[in-house]
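Read off the chains here:
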Amino acid sequence: MKILYIAVHNYKNETNWRTEGQINSSFNKHGIETIKIDYRKTIKESNTEVLKELIYEKSLLTDLIFLQRGNKLTPDLFNKIQIPIVFWSTEPINLKSDVDYLLSSKIFSWVFVHTYSCMDRIHKDFSHLKNKTSVIHNAISEDKININKHKKRNYFAIFNRKTSLRRILWLWPSRNYIQKIRGHFGEKYFSDLANSFISINIHFSSKNLDDFETGIFEAMASGCIVVSENLDSRTLNDLSMNECIIQVKSRKELKSKLKYLKDNPNIISDYQKKTEPIIKKNTWFYRVEKFKNKFEEVLSSK
């Protein structure tokens, strides 16, 4: 199978570390050949007409188009396409509307969305897609799994995500237990996780309480246990993580739970043991297998 993989492949940050590269590698490991187009770079360096023609030309060489993210793209870019298009909307569409034009169209053979609340919006606002949409969860690259239960760790608990007012208010009562770290990416980010026993997860927004961020997988892969504000039970079931994550219902409970863990370090070791086999089943290699199965299903129904 050969696919045209349209995404943001060449984005430059301090570390040049992106999920798209891990996913592309996993496609190749599953025997899927990829031709890549970076839609954002193409539009920046040329224009949408050039992108439209490039998509058409490359589509003639492939069996299926896999579009990831697609923010601010319009359906007319795919007017000439004669092969199936599978879309992965990686951002929460209950918070953002920058792929609404795409979702309003009828160009997709299948759509993957970020969370179950995103599925709810599909049913509400894009009902023509309700029978051809499913949830695909975040994951971790297998080469980022580095669990060393016996490693000396300098932090008891850290919070190393982007802040919001909601997160600041949640963290404040536990400030004496949590080291807040900002502005670290790539290897520095993973080094911080590897040096902490606990990673704290608080939802960024009250409008997206079922989000299951990549940072949870990254923390578990680094040997942290995760103490989180309540997570969606359906997602936890999908990921087999009901017994791996310590959930709290309030800021007060977060503080008391951290105190309990500080006083009972053996509990941390128990959770690390539970986490290791589960995180190894939640890698991009396994997620891409789900993509591949859907691609084969779509192609067989042509």
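Reference entry: report on the structure contained in this document.

Cut-offs and rules
- Residues numbered from 1 in each chain as written.
- Predicted model: local features only at pLDDT ≥ 70, side-chain atom pairs only at ≥ 80, totals over all residues.
- Heavy atoms only, no water.
- Helix = DSSP H or I, 4+ residues; strand = E, 2+ residues; numbered from the N terminus.
- Polar contact = N/O pair within 3.5 Å; in protein donor to acceptor, adjacent residues only side chain to side chain.
- Contact = heavy atoms within 4.5 Å.
- Buried < 20%, exposed > 50% of the residue type's maximum accessible area, 1.4 Å probe, protein only.
- Pairing = 2+ DSSP bridges.
- Axes fitted to C-alpha atoms, helices over the stretch in contact; angles between N-to-C directions.
- 1 Å grid on protein atoms, 1.4 Å probe; cavity = no way out; pocket = protein on both sides within 12 Å on 5 of 7 lines; lining within 4 Å.
- Points joined across faces, edges and corners; volume = space filled by probe spheres on them.
- Nonpolar A, V, L, I, M, F, W, Y, C, P; charged D, E, K, R; others polar.
- Parallel < 35°, antiparallel > 145°, perpendicular 65-115°, else oblique.
- Left-handed = near helix turned anticlockwise from the far one by under 90°.

## Concerning the side chain of Thr 133
Here's step 1: If you trace the backbone, Thr 133 turns up in strand S6 (residues 133-135).
Here's step 2: Within the structure, the side chain of Thr 133 is placed 2.7 Å from the backbone oxygen of Leu 129, a separation counted as a polar contact.
Here's step 3: If sequence neighbours within four positions are ignored, Thr 133 has contacts with Trp 110, Val 111, Val 113, Met 119 and Ile 122.

## Some thoughts on the environment of Ser 228
Here's step 1: Examined against the element boundaries, Ser 228 turns out to sit in strand S10 (residues 225-229).
Here's step 2: With relative accessibility at 0%, the residue Ser 228 sits in the buried group.
Here's step 3: Ser 228 sits 12 residues away from Ile 216 along the chain, and the two C-alpha atoms are 8.9 Å apart.
Here's step 4: Setting aside chain neighbours within four positions, we find Ser 228 in contact with Asn 201, Ile 245, Ile 246, Gln 247 and Val 248.

## Re the sheet that holds strand S7 (residues 155-159)
Here's step 1: Strand order in this open sheet of 5 strands is S8-S7-S9-S10-S11, and the pairing throughout is parallel. Every interior strand has two partners, whereas the edge strands, strand S8 (178-180) and strand S11 (245-248), have only one. Pairwise comparison of adjacent strand axes, ignoring direction, gives a mean angle of 30° for this sheet.
Here's step 2: In terms of strand pairing, S10 meets S11 through 4 bridges, oriented parallel. Its bridge partner being in S11, Glu 229 is matched across the sheet by Val 248.
Here's step 3: With respect to the sheet, helix H8 (residues 214-221) is in contact with strand S9 (196-201), S10 and S11, its orientation differing from that of S10 by roughly 155°.
Here's step 4: In this fold helix H10 (residues 251-263) packs onto S7, S8, S9, S10 and S11, with an angle of close to 140° to the strand it touches most, S11.

## Some words on the layout of surface pockets
Here's step 1: In this structure, the second largest pocket encloses a volume near 190 Å³.
Here's step 2: Forming the walls of the second largest pocket are Val 135, Ile 136, His 137, Asp 238, Leu 239, Ser 240, Ile 278, Lys 281, Asn 282, Arg 287 and Lys 290.
Here's step 3: Elements supplying a minimum of two residues to the lining of the second largest pocket: helix H9 (233-239) and helix H12 (284-300).
Here's step 4: Its residues assigned to classes, the lining of the second largest pocket comprises 4 nonpolar, 3 polar and 4 charged.

## Comments concerning empty space enclosed by the protein
Here's step 1: In the structure shown here, the tally under the stated rule is 1 cavity of 30 Å³ or more.
Here's step 2: Empty space within the largest cavity amounts to approximately 40 Å³.
Here's step 3: The residue makeup of the lining of the largest cavity, split by class, is 1 nonpolar, 5 polar and 1 charged.

## Quick notes on the packing of helix H7 (residues 186-194) against H8
In a packed pair of helices, the relevant descriptors are the angle between the two axes and the axis-to-axis distance.
Here's step 1: Two numbers describe how H7 lies on H8: the axes approach to 8 Å, and their chain directions differ by 60°. As judged from the angle between their axes, H7 and H8 are oblique. As for how H7 packs across H8, the hand of that crossing is right-handed. The residues of H8 that touch H7, namely those facing Tyr 189, Phe 190 and Leu 193, are Gly 215, Glu 218 and Ala 219.

Treat this as a map of the structure, not an account of what it does.
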